[in-house]
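# Summary of the model geometry
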Amino acid sequence: MGHDYKNKGGGSVPKRIIVLAAGLMLLFSSLCHAEDMRFVDANGTTGYYVDADTVVIGPNGAHPNISRATVAVVKARANRRYLYQIQFDRGLYTYQIFHTTVQVYDTKKVLESRPVQEAPQGYGATSPMSAVVAFIYELQAEKARQAARSY
């Protein structure tokens, strides 16, 4: 009554193996794109998050006031998530977006993804971008404290 898993008479691969392989590839691809989104701030039903895995201070030898990160803006009522690759200059209180992706929030289906060429924009002390920058540098400080404790 059991199943005979022997490949009888030919080089064809059983459909179950193909389905299993496809499923594993899909799982692996989603793991490769894992995020470490950290909540930073909210404004009504809009939430601001930073992907901690993407934070870089002083990219490409830049000044330590320059940082880069992927920032997610989640608009829950619209079921949208906007991902922005942003460079911040905390000395000048500016940010510059380099890439934007729009997704359906609950499925993460990409609706649009494109590079952006905009001039730096200013932000104020009460702006969510100010909270994002504060988070980035606090995250760096926490990592430094953890590294110091591990020695």
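Below: a short report on this structure. (Residues numbered from 1 in each chain as written. Predicted model: local features only at pLDDT ≥ 70, side-chain atom pairs only at ≥ 80, totals over all residues. Heavy atoms only, no water.)

### Describing the overall build of the protein chain
On a plain count of helices and strands, the protein chain comes out with 2 helices and 7 strands. Counting helices and strands in the order they occur from the N terminus, the protein chain gives α-β-β-β-β-β-β-β-α. Among the 151 residues that make up the protein chain, the fraction classed as buried is 30%. Residue pairs in contact within the protein chain that sit at least 24 positions apart in sequence constitute 38% of those at least 6 positions apart. Carbon together with sulfur atoms contributes 56% to the accessible area of the protein chain, which is approximately 10300 Å² in total. (Helix = DSSP H or I, 4+ residues; strand = E, 2+ residues; numbered from the N terminus. Buried < 20%, exposed > 50% of the residue type's maximum accessible area, 1.4 Å probe, protein only. Contact = heavy atoms within 4.5 Å. Areas by Shrake-Rupley, 256 points an atom, 1.4 Å probe, with all protein chains shown as cover.)

### Examining helix α2 (residues 128–150)
Helix length check: α2 (23 residues) gives 33 Å between terminal C-alpha atoms against 33 Å at 1.5 Å per residue, within 8%. Every buried residue of α2 is listed here: P128, M129, S130, V132, V133, F135, I136, Y137 and L139. Against β1 (37–43), β2 (46–57), β3 (66–75), β4 (80–89) and β5 (94–104) lie the buried residues of α2. Where α2 begins, one side-chain oxygen reaches toward the backbone nitrogen of M129, 3.0 Å away; that side chain belongs to S127. (Expected span 1.5 Å × (residues − 1). Polar contact = N/O pair within 3.5 Å; in protein donor to acceptor, adjacent residues only side chain to side chain.)

### Side note on the pairing of strand β6 (residues 110–115)
One ladder, built from 5 bridges, connects β5 with β6; its direction is antiparallel. For Q103, the partnering residue across the bridge sits in β6 and is V110. (Pairing = 2+ DSSP bridges.)

### Comments concerning the side chain of Q103
With respect to the helices and strands, the residue Q103 is situated in strand β5. Polar side-chain contacts of Q103 include one of 2.7 Å to the side chain of R81. Among the polar contacts listed, one links the side chain of Q103 to the backbone oxygen of K108, at a separation of 3.5 Å. Excluding its chain neighbours within four sequence positions, the residues that come into contact with Q103 are N79, R80, R81, L83, K108, K109, V110 and L111.

### Brief notes about the packing of aromatic side chains
Taken as a whole and judged by the stated rule, the model has 3 aromatic pairs. On the basis of an interplanar angle of 70° and a centroid distance of 5.5 Å, the ring pair of F39 and Y49 is categorised as edge-to-face. In this pair, F39 sits in strand β1 while Y49 sits in strand β2, placing the two residues 10 residues apart along the sequence. With centroids separated by 6.5 Å and ring planes inclined at 40°, the aromatic side chains of Y95 and Y123 adopt a geometry described as tilted. Pair noted here: Y95 is in strand β5 and Y123 is in the loop between β7 (121–122) and α2, with a separation of 28 residues, a long-range link. Both residues of the pair, Y95 and Y123, belong to the buried class. Each residue in the set Y93, Y95 and Y123 is aromatic and connected to the rest through ring pairs, giving one cluster. Residue placement shows R68 over the ring face of F98; its charged tip is 4.6 Å from the ring centre. Directly above the ring of Y105 sits K108, whose terminal nitrogen or CZ lies 4.2 Å from the centroid. (Phe/Tyr/Trp six-rings, centres within 6.5 Å; stacked < 30°, edge-to-face > 60°. Lys NZ or Arg CZ within 6 Å of the ring centre and 35° of its normal.)

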